[in-house]
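# Observations on the three-dimensional arrangement
What follows is the residue order along each chain.
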Amino acid sequence: GGWEGRKRGRFLFETFVEYVLPKISNAKLYMVSESCPAHPNVIYVEYPNDEVLARLMREAWVFARPSIYEGFGIPYVEALASGTAIVSSPNGGANRILADGRYGVLADDNSFGEHLVELLRDSHKRKALEAKGRARAGEFSWAAVAVRHREIYLEAVKEEAAATTPIKS
């Protein structure tokens, strides 16, 4: 994500350094961004390829995304499919994919760090989100989307046929 702008990499870095680290001193942040200041607990990953990104996603305890705008929210689906708990700022993509917080944590700026710490410390809550998330990700698989599109097309054809069928008296 971006360091500045809507992805808010700077916010995540500062929240991690100023809020998370004082509570969990051995925590590590893998920062995927176009820039990032050096810090002993932050591993900067600039432009990872798909294989590296997928591995990082699978190995992460929490996927943190303080973005204020996401369209569809593909990174959320990727995190869910990887079995990774999510903390996100509320935005259109996160709200939709996380079903308004049922499959991940939607946190305002004031509580973002608090939720990160909670998930890092509470393995039961984290594992519950991971399990629910994998199931949710399945709803966005190519097969599931194809089935939904087919259903929509069939319904549209039925409605068109009903609208154009002459009424007999």
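The following paragraphs examine the structure supplied in this document. Along each chain, residues carry numbers from 1 onward, in the same order as the chain's sequence is written. Given that this is a predicted model, residues contribute local features only at a pLDDT of at least 70 and side-chain atom pairs are listed and counted only at 80 or more, while totals for whole chains, interfaces and linings are drawn from all residues. As a rule here, side-chain values cover all heavy atoms of the structure and leave hydrogens and water aside.

A word on the packing of aromatic side chains. The geometry of an aromatic ring pair is captured by two quantities: the separation of the ring centres and the angle between the planes. Stacked, edge-to-face and tilted labels apply to pairs of Phe, Tyr and Trp rings (six-membered ring for Trp) whose centres lie within 6.5 Å, assigned for plane angles under 30 degrees, over 60, and everything in between, in that order. One pass over the structure, following the stated rule, counts 4 aromatic pairs. Aromatic pair F72 and F140: ring centres 5.8 Å apart, planes at 75°, arrangement edge-to-face. With F72 in the loop between β3 (62–65) and α3 (74–81) and F140 in the loop between α6 (123–138) and α7 (142–164), this residue pair connects regions lying 68 residues apart in the sequence. Only protein chains enter the accessibility calculation, which uses a 1.4 Å probe. A residue is then buried if its area is under 20% of the maximum for its type, exposed if over 50%, and partly exposed in between. Relative accessible area serves as the criterion here: at 15%, F140 is assigned to the buried category. Two conditions define a charge located above a ring, namely a distance within 6 Å from the ring centre to NZ of Lys or CZ of Arg, and an angle within 35 degrees of the ring normal. Note that K23 overlies the ring of Y19, its terminal NZ or CZ placed 4.2 Å from the centroid. The ring of W61 carries R126 above its face, with NZ or CZ at 4.1 Å from the centroid. Runs of H or I in DSSP of at least four residues are treated as helices and runs of E of at least two as strands, each being numbered from the N terminus.

Before going further, it helps to examine unusual backbone geometry. Positive phi, normally seen in glycine, also occurs at R8, with a value near 60°. Turning to its location among the elements, R8 is positioned in the segment before α1 (9–23). Given the relative accessible area of 15%, R8 is considered buried. Located in the positive-phi region is D100, a residue other than glycine, with phi close to 55°. Examined against the element boundaries, D100 turns out to sit in the loop between α4 (92–97) and β5 (105–106). Look at D100 and you get exposed, because its relative accessible area is 61%.

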